[in-house]
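Chain by chain, the residues:
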Amino acid sequence: VVPIENSTEGVINHTLDMFIDSDLRICSEIVMEITENLLSNGKLKDIKKVLSRDSALAQSRQWLANNLPNAELIEVSSTTRGVQLAKKNPHYAAIASSLAGTIYNIPILAKGIEDIPGNRTRFLVIGETESKKSGKDKTSIMFSIKDKVGALYSALKPFQTHKINLTKIESRPSRRRAWDYVFFVDFEGYKDDPLVAKALREVLNHCMYLRVLGSFPISEQKRR
């Protein structure tokens, strides 16, 4: 399960980049309302370092500036890692879920420190299996386009022609040569739907490369 997008901070570029070199498929998506908490064995006035993922630090930037203006903000590999380190030192605090506090037996100094209430993160479930059609699905694709005028417009035109709703488009450097990009597109519908399949065939005519990352049920929001 990997994070792909946050309603406050936008897309998680590292996750997109991993799809360029990975053969794994998207099996499902989960949208969760995220509440950030400050966890520590020390007191708020004694905190010198705050540890968490870059996204969690960014989502709590204003609260940290107001309440811990002198604390050093340190990015770590995961919110769990931040909690593990904070547990060992009363001058450290971690930004994480309340569940992490329960699991690692570390107190919550402040609840709901995210700057924007209703903050949500979209996660992808990835693996080697393929989701079956549910009737309310979304498809993710990635593609690279030919280097010519209007190439991106031509590649996206079939979706409009067949009245397929695009829900997201992102671009990332291909990492193969300078100024070469890979585009990631999400749209409503299942890959084997007749109109979707027809649109994808037409899109391919304007691409150097196209890969369907997966078709999967559209998520209902959950809470963390």
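For the structure itself, consult the block above.
Thresholds applied
- Residues numbered from 1 in each chain as written.
- Predicted model: local features only at pLDDT ≥ 70, side-chain atom pairs only at ≥ 80, totals over all residues.
- Heavy atoms only, no water.
- Pairing = 2+ DSSP bridges.
- Helix = DSSP H or I, 4+ residues; strand = E, 2+ residues; numbered from the N terminus.
- Axes fitted to C-alpha atoms, helices over the stretch in contact; angles between N-to-C directions.
- Contact = heavy atoms within 4.5 Å.
- Patch = residues over 30% accessible without salt bridge, like charges linked within 9 Å, V, L, I, M, F, W, Y side chains within 5 Å.
- Areas by Shrake-Rupley, 256 points an atom, 1.4 Å probe, with all protein chains shown as cover.
- Salt bridge = Lys/Arg side-chain N within 4 Å of Asp/Glu carboxyl O.
- Lys, Arg positive; Asp, Glu negative; His and termini not counted.
- Charge placed at Lys NZ, Arg CZ, Asp CG, Glu CD.
- Buried < 20%, exposed > 50% of the residue type's maximum accessible area, 1.4 Å probe, protein only.

Trainee: Explain the sheet that holds strand β13 (residues 207–217) to me, please; I cannot follow it from the model alone.
Mentor: Sheets are built from strands that pair by backbone hydrogen bonding, the pairs being arranged parallel or antiparallel. Pairing within the open sheet is antiparallel, and its four strands lie in the order β11-β12-β10-β13. Two strands close off the open sheet at either side, each with one partner strand: β11 (166–173) and β13. Within the sheet, the average angular offset between the axes of one strand and its neighbour, ignoring direction, is 15 degrees. One ladder, built from seven bridges, connects β11 with strand β12 (residues 181–188); its direction is antiparallel. Across the sheet, the residue bridging to Arg172 is Val182, located in β12. Taken strand by strand, helix α6 (residues 151–161) contacts β10 (137–145), β11, β12 and β13, and its axis lies near 155 degrees from that of β10. Strands β10, β12 and β13 of the sheet are contacted by helix α7 (residues 194–204), whose axis makes an angle of about 155 degrees with β13.

Trainee: What exactly am I supposed to notice about the sheet that holds strand β8 (residues 108–110) here?
Mentor: What the five strands build is an open sheet, ordered β6-β5-β7-β4-β8; its pairing is mixed. Two strands in the sheet have a free side with no partner beyond their single neighbour: β6 (72–75) and β8. Taken over all neighbouring pairs, the strand axes of this sheet differ in orientation by 35 degrees on average, direction set aside. Of the strands in this sheet, β4 (37–39), β5 (49–52) and β7 (92–96) are in contact with helix α4 (residues 79–88), which crosses β7 at around 155 degrees.

Trainee: How do you make sense of a negative patch on the surface when you look at a structure like this?
Mentor: A surface patch of negative charge is lined by Glu9, Asp54, Glu75 and Asp115. Mapped onto the elements, Asp115 comes out in the loop between β8 and β9 (120–127). For Asp115, a relative accessible area of 31% puts it in the partly exposed group.

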